[in-house]
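Okay, here's what each chain looks like letter by letter:
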Amino acid sequence: MTTTARDRRGYLPYLIPGLLLFVGVIAVPFAMNIGIGFTRWSGVGTPDWIGFGNYKELVKDSEFWASFRHNLALVAGMSIIPAAIGLVLAAALTDIIGRRFGPRTASVLRACIYLPQLLPIVVAGIVWSWILAPDNGAANAMLKAVGLDSLAHDWLGDPNTAMWAVMVVMVWFQIGFPLVIFMAGLQRVDPSLYEAAEIDGASWWRRFWHITVTQIRPEIYVVLLICTIYSLKSFPQIYVLTKGGPGGATNVPSYYSYQNFFEKTDVGYGASIATVLTLITVVLVVGFIRAQRGQLDEEGQT
Amino acid sequence: MTLLKPRDAPTRRTRGTAARPRRRPARAAGRRGGMSSGYAVLAALVVLAVVMLVPFVIVAFNALKTPTEYSTHGPLSVPHGLYLQGVKDFWNRVDYGQKLVNSVIISGTVAVAGTTLSVLNAYALGIGRVRGRLWILVLLLMANLLPQESLIYPLYFMFKKAGLYDTRLSVIIVFTVIQSAFGTYLLSSVLSSFPRPLLEAARIDGANRWQVLWRIVVPISRPTIVVLLVFFFIWTWNEFLIPLVMLISNDNQTVSVALGVLHGQRLMDATMSSAAALLGIIPTLVFFLIFQRTLSRGITVGAIK
Amino acid sequence: MFMARKGAAVLATLAACGLTVAACGGGGGGGNKSGGGTQTKVLKLWHYEGPDSAMGVAWNQAIKDFEASHPGVTVKFEEKGFEQIQKTAPMVLNSKDAPDVMEYNKGNATAGLLSKQGLLTDLTPQVTKRGWDKLVPANVQTIAKYDAKGVMGGDKWYGVPNYAEYLQVFYNKDLFDKNKVKVPTTFDEFTAALDAFAKKGITPLANAGAEYMAQQYLYQLALSKANPTWVDNYERYTGKVNFHDPAWTYAATTFADWVKKGYIAKSSVSTKAEDAGVAFIGGKFPMMFSGSWWFGRIEKEAKFNWDTFAWPGSQLTLGSGGNIWVVPQGSKNKDLAYDFIDATMKQNIQNALANNGGVPVAANPAAVSDPKAKELIQTYDALVQRSGLAFYPDWPVPGFYDTLVSQTQKLINGSATPDKVLSDLQKAYDAGLPK
């Protein structure tokens, strides 16, 4: 390695603006949030110090722990599935569509798939509840039109399908994000790699797996982690689609914390939930980035 | 499968399809992986794109309906005519021009400032590989992973103390930091696999760190940087909770907060909401379309090698 | 390449503009303050009623009246979103940016909480001086007066209600005629009518399980077996509340039974109130039990003959005074604020409310021309005469709204027995009581 310790230190000034702003906007408020977590407070007036009271309550709060299980489904719907589909789409758009039908076709298709990200989530929620409505929704009408009446269903109303329906909406909403990132990442890939593989007679899937996936691995890690974080703090989606219902079947921790902050005005308890949620996410993120760095360093050495 | 396709071709050609003559030059370029499979992929993607757009069609339908039409025929019916009053009424009711200016100022500033901050951070972390970069990265990522609702009360107190409560600047500062967390992470991941020989060559030529950053690193990472600009703009545009709390006077409000006026305590105005949503998408859509051209036009690392 | 350059230039310019404008933004808010010297005074007014609603129309009229009677004073009105006020009122009122007078939500968790924290002005002297207490019926006053703990029904006025609201059954006359069903006047006739529709394959009652409608059916069923003391115990913590008492038990079992019999659709679990209302206006349901806030809209948009009746066989029904005018402690023009409130209580504004489909607190039925609007107000008068307004089920405990939604959803899709639902409600109610 050519980089020495002194050389590395020379890069430190570039971090100063970022770290200063971080302290002011994130670190201090988060410290305050931790403090609020030790109080009983309704948002105005003086908070009452109650020590670990909120945390003791939280440990026993079955609603809180149940909401974590629902979040696993959301991780799939907002992170894993969109990343996987986005990867295949990005490769297909760049490799097949871009090369055969021109980059213009590829970018029009990309724009269409990205569009859901532009729609304010509140509006998206309203539209999807129209589509998924049990009696006159578009989804059921479509099923009936093709003779599949028996499959028509109260998608958001049945506790067994509500989470699935939410997942479908999440995939719809989320998929454009990985697609755009992956397509930008693919710009970095040396086209001669593909040409060489093609001459060797490698199939499309082999090229996809061995070149595309390997080359844009940094982006894949980033997308997976960021989307997982979003799914852990994504109360707006739940709020507009189901409000955690039916009967709590789609409640997630972030919505639960939101409820305490703004609906029950139990700000102290909401703050303690947010603190726990943050700590859990931090542990997750550290593990993830360590794994990622291990991978990338390994590649860097070979 | 792919092998069978070309053999199939002559028999099909006798039947003759309009599209066939156009396919041939393309095949010469594509060589492997039969042409029909290319069209199959295109067809599948077009279907997908159409499905993705269905909700937008529904929004557009309702934006163009009269409230009575919406109530009698439901949200999924096709509008009988063009009713633009909803759009006009909403525009006047919330002074939409002013909201647009606010949103553009806030989102535009955050896009530029957030991207710049991300580049600086990522340069130190990804290329500089400073000590403890894992922990610095995790720390910075906290900005992204904190539930926003937990920041509301502390930020309110701090901005009130600083005299920035109810100013656009407060929202700009907050989102510059929040968005740059993602930017730092993405860019530093990408930069950590940056080709070292390029950097060393530049250093040998006598370029200092600052010059290396702007002359080598930034141009080569341009596709990713444009992605950041686009994302930051759009995300900030659609942010709701923090602007709702920080920007209380109507003169400072953003487009997404203005949408909230249409949801009463127990009633909402669905046709006007749709009209407003459509109106709200247009700026972000234009922004995306302008910048998406540059997304696929980046200089690749390979090209420089 | 060129495009990117241009794009970047545009962005940089925007950013530069943004910073300058934002930097000046701090001074912008002070504009009206510096002008508040001698020549023009500004009254800052916030409310969150749409311009076409009864309140929006009437209050707009009040602004004009007020400006006419106060030369040299202009009203700077800003329309706010309901959600924004709901979430930010404590913060706004605690800052120097508070308005002089605003509409705010009634109830312990909102107006009560802020009054306890000293953020609202005690209006009691003004109320007696200006005689508002004579205009507002006692049953409606409950939501305007709070005690030292911020519990409603107290002794001090912190707000003044200008309008009221209550629930009744809206029905589609055409559907009743077409199916030869008699419009009910007693509870037995009501269930008979429900049954008649259900037998013909028509779901008689519009419902929205994801929002307030379902819990309002449930509470109404309980109210039909309750008395005012029961309501006081429940809403104002004056006595022990038992969810396994006859009223609640009757309500939960009847509600579950009605779903089973098809009076309320099983598929309404995830329906939103807006969609249920639209389905009723679209002629898909013969009846909808909901609030007077639908009145203006149904009148404007329904294409069939319709009318209303009170829930048969019940002395009590859901309803209360509407949202209240409050004067923030930080108001800079309190006297003008009182004058403005007074303007909205004047007979002509109250009549304007009534004529636009609202329920004014102090209406004069004789001055209302539209027969349906007249009936709306007569029913209201009768209700307040017998103290029949029993508020809403989600009021006593913060966050109880969500609990009620999720528990009634369980009743609708049958995932919990009425007994279990009532036990869970009891748990949430007890946990949320003020400590």
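This structure is a prediction, so every number in the text was calculated from the model and none was measured.

**Quick look at the overall build of chain B**
Along its length, chain B carries 16 helices and zero strands. A buried classification covers 51% of the 305 residues belonging to chain B. Excluding contacts between residues fewer than 6 apart, the proportion of contacts in chain B whose partners are at least 24 apart in sequence is 74%.

**Examining the overall build of chain A**
Helices and strands together make up the secondary structure of chain A, namely 14 helices and two strands. Taken over the C-alpha atoms alone, chain A extends approximately 70 × 70 × 30 Å along its principal axes. Counting the 302 residues in chain A, one finds 52% classified as buried. For chain A, long-range pairs separated by at least 24 residues make up 68% of all intrachain contacts whose partners lie at least 6 apart in sequence.

**Remarks on the interface of chain C and chain B**
With 42 residues of chain C at the contact, the number on the chain B side is 49 residues. When residues of the side of chain C that touches chain B are traced back to their parent elements, those giving at least two are helix H1 (2-28), strand S2 (73-79), helix H4 (82-93), helix H14 (273-281) and helix H15 (295-301) of chain C. Top contributing element to the side of chain C that touches chain B by residue count: H1 of chain C, with 16 residues.

**Some words on the packing of helix H6 (residues 96-127) of chain B against helix H9 (residues 168-192) of chain B**
All names here are of chain B. Close contact between H6 and H9 brings their axes to 6 Å; oriented N to C, the two are set at 35°. As for the relative orientation of H6 and H9, their crossing is right-handed in sense. A breakdown of the residues in the contact of H6 with H9 according to their chemical character gives 14 nonpolar, 14 polar and one charged.

**Some points on the confidence of the model for chain B**
Residue and element names in this part refer to chain B. Across chain B, the average pLDDT comes to 83, with 85% of residues at or above 70. Of the regions scoring below 50 in pLDDT, residues 1-33 engages in 17 contacts with residues more than four places distant in sequence or in other chains. Per-residue pLDDT stays below 50 along residues 298-305; that stretch engages in 19 contacts with residues further than four places along the chain or on separate chains. Two numbers describe this predicted complex: its pTM, 0.87, and its ipTM, 0.87.

**Some words on unusual backbone geometry**
Residues and elements named next belong to chain C. Of note in the backbone geometry, Lys-180 takes a positive phi value of approximately 55° without being a glycine. In this structure, Lys-180 sits in the loop between helix H9 (173-178) and helix H10 (187-199). Here the phi dihedral of Phe-391 falls at roughly 65°; this positive angle occurs in a residue that is not glycine.

**Comments concerning the interface of chain B and chain A**
Counting residues at the interface gives 84 residues for chain B and 86 residues for chain A. Counted by class, the side of chain B that touches chain A contains 53 nonpolar, 25 polar and six charged residues.

**Notes on the pairing of strand S1 (residues 41-47) of chain C**
Residues and elements named next belong to chain C. Within S1, five of the seven residues are buried, which leaves the element mostly enclosed by the surrounding structure. Note that S1 and S2 share seven bridges and pair parallel. Directly across from His-47, in S2, lies its bridge partner Glu-79. One ladder, built from two bridges, connects S1 with strand S3 (residues 101-104); its direction is parallel. The partner of Leu-45 across the bridge, within S3, is Val-101.

**Things to note about helix H4 (residues 62-114) of chain A**
With 53 residues, H4 of chain A extends just 38 Å between its outermost C-alpha atoms, more than 12% less than the 78 Å of an ideal straight helix rising 1.5 Å per residue. The largest bend in H4 of chain A comes to about 135°, at Gly-102 of chain A, with the proline Pro-103 of chain A one to four residues further on.

**Topic: the sheet that holds S2 of chain C**
Sheet strands pair via backbone hydrogen bonds, and the direction of the pair is either parallel or antiparallel. Residues and elements named next belong to chain C. With mixed pairing, five strands are arranged side by side in an open sheet as S2-S1-S3-S12-S6. Both edges of this open sheet fall to S2 and strand S6 (160-161), since each of them pairs with a single strand only. Across the face of the sheet, helix H16 (residues 334-345) comes into contact with S1, S2, S3, S6 and strand S12 (324-326) while running at roughly 55° to S1.

**Digging into the nonpolar core**
Counting residues in hydrophobic clusters, the biggest one holds 315 residues, and the most contacted among them are Val-230 of chain B together with Phe-255 of chain C. Ranked by residues supplied to this core, first place goes to H4 of chain A with 17 residues. Dropping the residues within four chain positions of it, Phe-255 of chain C is found in contact with Tyr-217, Leu-218, Leu-221 and Leu-411 of chain C.

**Remarks on the environment of Asp-155 of chain C**
Residues and elements named next belong to chain C. With respect to the helices and strands, Asp-155 occurs in the loop between strand S4 (145-146) and strand S5 (156-157). It is 8.7 Å that separates the C-alpha atoms of Asp-155 and Thr-124, two residues lying 31 residues apart in sequence. In contact with Asp-155, not counting residues within four places along its chain, are Lys-145 and Asp-147.

**Some words on the pairing of strand S9 (residues 287-291) of chain C**
Residues and elements named next belong to chain C. Counting buried residues along S9, five of its five residues qualify, which places the element largely inside the surrounding structure. Pairing of strand S7 (residues 163-172) with S9 involves five bridges; the strand directions are antiparallel. Its bridge partner being in S9, Tyr-171 is matched across the sheet by Met-287. Of the strand pairs in this sheet, strand S8 (residues 205-206) and S9 are connected by two bridges, and their pairing is parallel. Directly across from Leu-205, in S9, lies its bridge partner Met-287.

**Quick look at the confidence of the model for chain A**
Considering every residue of chain A, the mean pLDDT works out to 87; 96% of them sit at 70 or more. Across chain A, the element-wise mean pLDDT spans from 77 in helix H1 (residues 5-9) of chain A up to 95 in helix H2 (residues 16-36) of chain A.

**Observations concerning the environment of Lys-261 of chain C**
Tracing the backbone shows Lys-261 of chain C in helix H13 (residues 246-261). In the structure, Lys-261 of chain C is positioned 63 residues away from Ala-198 of chain C in sequence and 7.5 Å away in space, judged by C-alpha atoms.

**With respect to helix H10 (residues 204-215) of chain A**
Residues and elements named next belong to chain A. Compared with the 16 Å implied by 1.5 Å per residue over 12 residues, the 15 Å span of H10 between its first and last C-alpha is a close match. Listed in full, the buried residues belonging to H10 are Arg-207, Ile-211 and Thr-212. Within H10, the buried residues cover an arc of 90° as seen down the axis, which keeps them to one side. Residues of H10 that are exposed and angled more than 90 degrees away from the buried face: Trp-205, Arg-206 and Thr-214. Where H10 is buried, its residues touch H4, helix H8 (176-186) and helix H9 (191-199).

**Examining the environment of Pro-253 of chain A**
Residue and element names in this part refer to chain A. Looking at the element boundaries, Pro-253 is found in helix H13 (residues 253-263). Under the C-beta neighbour-count criterion, Pro-253 is labelled buried, with 25 such atoms within 10 Å. Linking Pro-253 and Ile-34, residues 219 residues apart in sequence, is a C-alpha distance of 17 Å. Once residues lying within four places of it in the same chain are set aside, the contact partners of Pro-253 are Phe-64, Ser-67, Phe-68, Asn-71, Ile-273 and Leu-277.

Parameters and conventions
Per chain, the residues get numbers from 1 upward, laid out in the order the sequence is written. The naming scheme follows written order: chains are lettered A onward, ligands numbered 1 onward. Since the coordinates come from a predicted model, pLDDT governs what is reported: local features require at least 70, and pairs of side-chain atoms require 80 or more to be given and counted, while whole-chain, interface and lining totals use all residues. Helix and strand labels come from DSSP, where a helix needs a run of H or I of at least four residues and a strand needs a run of E of at least two; each type is numbered from the N terminus. In this scheme the burial state of a residue depends on its C-beta neighbours within 10 Å: 20 or more other such atoms mean buried, 12 or fewer mean exposed, and anything in between means partly exposed; the C-beta positions come from the backbone. By the convention adopted here, residues are in contact when the distance between their C-beta atoms, placed from the backbone, does not exceed 7 Å. Fitted lines through C-alpha atoms serve as axes, helices being fitted only where they are in contact, and the angles separating the N-to-C directions of these axes extend from 0 to 180 degrees. Crossing chirality is assigned from the near helix's rotation relative to the far helix, an anticlockwise turn below a right angle marking it left-handed and a clockwise turn marking it right-handed. For this classification, Asp, Glu, Lys and Arg are treated as charged, while Ala, Val, Leu, Ile, Met, Phe, Trp, Tyr, Cys and Pro are nonpolar and the rest, including Gly, are polar. The pLDDT score gives, residue by residue, the confidence of the prediction method on a 0 to 100 scale. Strand pairing follows a simple DSSP-based rule, namely that at least 2 bridges must link the two strands. Multiply 1.5 Å by the residue count of a helix minus one, and that product is the helix's expected span. What is called the bend at a residue is the angle between a pair of axes, fitted to the seven residues leading up to and ending at it and to the seven starting from it. By definition, a nonpolar core groups buried Ala, Val, Leu, Ile, Met, Phe, Trp, Tyr and Cys residues that are joined through C-beta atoms within 7 Å. To obtain the arc, one takes the directions from the helix axis to the C-beta atoms.

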